[in-house]
Amino acid sequence: MEKDMNVRSLIRDNISKRKNSIDKLMPKFFFLMASVSIITTIGIVMTLITDAIKFFEKVSFAQFFSADLAPLNANNPTFGILPLITGTVLSSLIAMMVAIPVGLTAAMYLSEFATEGTRRVIKPIMEVLAGIPTIVYGFFAYSFVTPLLMELIPSLEAKNVLSPGIVMGIMIIPMVASLSEDAMNAVPNAMREGAYGLGSTKLEVTIKVVLPAAISGIMASFVLAISRAIGETMIVAIASGSSKNLTFDITKSMQTMTGYIVEFTSGDAGSGTTGYYSLYAVGLLLFIFTLVMNLIAQYISRKYREEY
Amino acid sequence: MTNYENKVVYDVRDLNLWYGNDQALKNINLKINKNEVTAIIGPSGCGKSTFIKTLNRMIENIPSVRTTGQILYHGLNIFDKSIKVEELRTRVGMVFQKPNPFPKSIYENVLYGPKIHGIKDKNVLQEVLETSLKSAALWDEVKDRLHDNAYGLSGGQQQRLCIARCLAVQPDVILMDEPTSALDPIATAKIEELIDSLKSDYSISIVTHSMQQAGRISDKTAFFLMGDLIEFDQTEVIFSNPRDKRTEDYITGRFG
């Protein structure tokens, strides 16, 4: 009892000595740190917008959304963005055609079928795949996948959109797999038990109960992966070349929006020229693309959330 | 005596069960009769949930589980290789502690079982839907909103939906693992009433924490303690004149 009284008085002393100022100051500091990323984002967007406006003072919207892209033409440069959009959209579509089936089945396996031991081996390996620098993937696409594909498709050009599309798909498999697996893991076990109790096989439980219950998270993982593919730069810059012709032939070289920005920031556009400002217009459009994708992802995960 | 044997749905013989190295069930012997309600009582951790989950082999979803002994279901050992666990579970339905409807419509919940087992005929499905919901005393409450999400129902309604879902595959045994522990007294009373009405068509085995509930609804009661089956008898006998001191101590509230 004596001891208890001692502790009590010690605590009372300490509380009375404690300075309140730090308790009040710290939250403000935390808020400041949290604001840094928001302020940076606002700064970037402002830069993009102001310089994009300068671009549109020189080039009309009609020309911007046309198929004529010849920014290096000394006499009459044109800045039609459609070839870049096709390049971006096609390469992303190819990537998704690789990443969605592989990523989703991998997620189903990891979440529902793999034993704890297998999962512990496979997940880190997949995460390594996600950690490979994209320049390595680009090199891999150009020097390994393209020659391989040429065996199958003789008409394939050395720079083409198919090969980097596939490699981008491989790159985002871990993202799709990991996010979809999280979504499926979050489905309460009680739901699986209910289905097992009715005589479902493991496959039926996975496809008819777990998958529908996790669909919002799975869809969100797809959309986030698409936005990753749209913004991906190095792989396409290396392996799909810089052809500025409008085409839908995936065996041919195409330039993506990101590839265009790489090409022009590496020296060809002098500051203040229309070509220089075109980078901001393309960058802004790219930003809008990924922003819309992320908003769609958020919308989907809210709308299709199955309440349980 | 043969007549008596025909009445037996489950004949559990020398059942032992381990989680890894921990023995959870020790040498259990008991018989569950047709059209009776068998209550399983005992303090937390006594093995009563483990036992009931062994009856439809749900316990095998836990990787480290190992069993010895036999459970004869209509004379067939459910651990036999020739037994398909999926088929066993359609004959032996289960209702869980917390209502666990699927995040689908009421309609889809009830018809999940028939559909995965290949029933496609619309008329049959409609019939099953209606009879199952009626048997579960839920039809009148949901008939106008069959396509609404099941999670819009109250907890008690959800649990009756789970019972309907289980009835839809026409089992002959229903295992209930503390089906009312997450429900309020009114919803509990409804489920108890339902159990009583289902008794004529099904054999029911119910795990419960509430001795009053066991007393109200069951014909036989099994008392488990630390993985042992201490006493198994007519419910009146267990509650009025138990043979074992430990049973008496438990039902009079001296421990547990």
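Residues numbered from 1 in each chain as written. Chains lettered and ligands numbered in written order. Predicted model: local features only at pLDDT ≥ 70, side-chain atom pairs only at ≥ 80, totals over all residues. Heavy atoms only, no water.

Moving on, we come to the pairing of strand β1 (residues 8-19) of chain B. Looking along a regular strand, one sees side chains alternate from face to face of the sheet. All names here are of chain B. A large share of β1 lies buried, amounting to nine of its twelve residues. Here β1 runs beside strand β2 (residues 22-33); their pairing, made up of eight bridges, is antiparallel. Each residue of the ladder has a partner; that of Val12, found in β2, is Leu30. Counting the residues that bridge the hairpin from β1 to β2 gives two residues, and of these Gly20 lies at a positive phi of roughly 60°. As paired strands, β1 and strand β4 (residues 65-73) are joined by eight bridges and run antiparallel to one another. Residue pairing for β4: Val12 is matched across the bridge by Ile71. (Buried < 20%, exposed > 50% of the residue type's maximum accessible area, 1.4 Å probe, protein only. Helix = DSSP H or I, 4+ residues; strand = E, 2+ residues; numbered from the N terminus. Pairing = 2+ DSSP bridges.)

The next thing to look at is the nonpolar core. Residue and element names in this part refer to chain B. Residues Tyr10, Phe51 and Leu55 are the most contacted members of the largest nonpolar core, which totals 77 residues. Those residues in contact with Leu55 that sit more than four places away from it in its chain are Tyr10, Val12, Ile32, Ile71, Ile78, Leu88, Leu175 and Ser205. Grouped together as the second largest cluster of nonpolar side chains are 44 residues, Ala164, Ala187, Leu194 and Ala214 included. (Core = buried A, V, L, I, M, F, W, Y, C linked by side-chain atoms within 4.5 Å. Contact = heavy atoms within 4.5 Å.)

All names here are of chain A. Look at helix α6 (residues 134-152): 25 Å from first C-alpha to last across 19 residues, which is about the 27 Å you get at 1.5 Å a residue. The sharpest bend along α6 measures roughly 40° and falls at Ala141. When α6 is considered as a whole, its buried residues turn out to be Tyr137, Gly138, Ala141, Val145, Thr146 and Leu149. Where α6 is buried, its residues touch α5 (116-131), α7 (162-185) and α11 (234-239). (Expected span 1.5 Å × (residues − 1). Bend = angle between axes of the 7 residues up to and from the residue.)

Residues and elements named next belong to chain A. Applying the stated rule across the entire model yields 23 salt bridges over all chains. Taking the shortest distance from any N to any O, the salt bridge between Arg119 and Glu116 comes out at 3.4 Å. Placement of both Arg119 and Glu116 in helix α5 is noted, with a separation of three residues, approximately one turn of the helix. Judged by its relative accessible area of 45%, Glu116 is partly exposed. One network of salt bridges, in which partners are shared, links Glu116, Arg119, Lys123, Glu181 and Asp182. (Salt bridge = Lys/Arg side-chain N within 4 Å of Asp/Glu carboxyl O.)

Residues and elements named next belong to chain B. Within strand β3 (residues 37-41), five of the five residues are buried, which leaves it mostly tucked inside the rest of the structure. Across four bridges, the pairing between β3 and strand β8 (residues 203-207) is parallel. Within β8, the position partnered with Val37 by the bridge is Ile204. In this sheet, strand β9 (residues 220-225) lies alongside β3 in parallel orientation, the contact comprising four bridges. Following the sheet pairing, Ile40 is matched in β9 by Ala222.

Once that is clear, we can look at the domain arrangement of chain A. Residues and elements named next belong to chain A. Looking at the assigned domains, one finds that chain A contains domain 1 (2-57) and domain 2 (69-304). Contact with domain 1, which involves nine residues of that partner, is made by nine residues of domain 2. Contact between domain 1 and domain 2 buries roughly 840 Å² in total, counting both sides, with carbon and sulfur atoms accounting for 88%. The largest per-residue losses of area from domain 1 upon contact with domain 2 belong to Leu48, Asp51 and Phe55, which jointly make up 63% of the total buried on that side. The tally of links between domain 1 and domain 2 comes to zero salt bridges. One can count zero residue pairs in polar contact (both at pLDDT 80 or more) joining domain 1 with domain 2. Residue composition of the side of domain 1 that touches domain 2, by class: six nonpolar, one polar and two charged. (Domains from an automatic or database assignment. Buried area = accessible area lost by both parts, 1.4 Å probe. Polar contact = N/O pair within 3.5 Å; in protein donor to acceptor, adjacent residues only side chain to side chain. Nonpolar A, V, L, I, M, F, W, Y, C, P; charged D, E, K, R; others polar.)

Our focus in this paragraph is the layout of surface pockets. Approximately 750 Å³ is the volume attributed to the largest pocket. For the largest pocket, the lining is made up of 30 residues, of which Asn189, Tyr196 and Lys202 of chain A together with Asn61 and Ile62 of chain B are closest to its centre. Of all elements in the fold, only α4 (82-113), α5 and α8 (189-197) of chain A together with α2 (48-55) and α3 (85-91) of chain B reach the threshold of two or more residues within the lining of the largest pocket. Among the elements that make up the lining of the largest pocket, the one with the highest residue count is α8 of chain A (five residues). Split into classes, the residues belonging to the lining of the largest pocket amount to ten nonpolar, nine polar and eleven charged. (1 Å grid on protein atoms, 1.4 Å probe; cavity = no way out; pocket = protein on both sides within 12 Å on 5 of 7 lines; lining within 4 Å. Points joined across faces, edges and corners; volume = space filled by probe spheres on them.)

Its 17 residues place the ends of helix α10 (residues 215-231) of chain A 24 Å apart at the C-alpha level, agreeing with the 24 Å of an ideal helix rising 1.5 Å per residue. If you check which residues of α10 of chain A are buried, you get Ser216, Ile218, Ala220, Ser221, Phe222, Val223, Ala225, Ser227, Ala229 and Ile230 of chain A.

The geometry of an aromatic ring pair comes down to the distance between the two centres and the angle between the two planes. All names here are of chain A. Per the counting criterion, the structure on display carries 16 aromatic pairs over all chains. Consider the rings of Phe55 and Phe79, whose centres lie 5.6 Å apart with planes at 85°: the pair is edge-to-face. On the criterion of sequence distance, the pair formed by Phe55 in helix α2 (residues 20-58) and Phe79 in strand β2 (residues 78-79) is long-range, its members being 24 residues apart. In terms of burial, Phe55 and Phe79 fall into one category: buried. (Phe/Tyr/Trp six-rings, centres within 6.5 Å; stacked < 30°, edge-to-face > 60°.)

The next subject is the interface of chain A and chain B. On the side of chain B, 22 residues touch chain A, which itself brings 20 residues to the contact. Note on chain A versus chain B: buried area summed over both sides is about 1,700 Å², and carbon and sulfur give 62% of it. One can count one salt bridge joining chain A with chain B. Between Lys53 of chain B and Glu193 of chain A there is a salt bridge; the shortest N-O distance is 3.8 Å. Here chain A and chain B share four residue pairs in polar contact (both at pLDDT 80 or more) between them. Contributions of two or more residues to the side of chain A that touches chain B are made by α8 and α9 (202-213) of chain A.

Residue and element names in this part refer to chain A. Close contact between α4 and α7 brings their axes to 6 Å; oriented N to C, the two are set at 35°. Note on packing geometry: the crossing formed by α4 with α7 is right-handed. Tallied by class, the residues present in the contact of α4 with α7 amount to 20 nonpolar, eight polar and two charged. (Axes fitted to C-alpha atoms, helices over the stretch in contact; angles between N-to-C directions. Left-handed = near helix turned anticlockwise from the far one by under 90°.)

With that settled, the discussion passes to the side chain of Thr90 of chain B. Here Thr90 of chain B is to be found in helix α3. With near-sequence residues (within four places) excluded, Thr90 of chain B lies in contact with Leu198 and Gly199 of chain A together with His117, Val169, Gln170 and Pro171 of chain B.

Let us now look at unusual backbone geometry. Residues and elements named next belong to chain B. Despite not being glycine, Arg57 has its phi angle at roughly 60°, a positive value. With respect to the helices and strands, the residue Arg57 is situated in the loop between α2 and β4. For Arg57, a relative accessible area of 12% translates into the label buried. Of note in the backbone geometry, Gln170 takes a positive phi value of approximately 50° without being a glycine.

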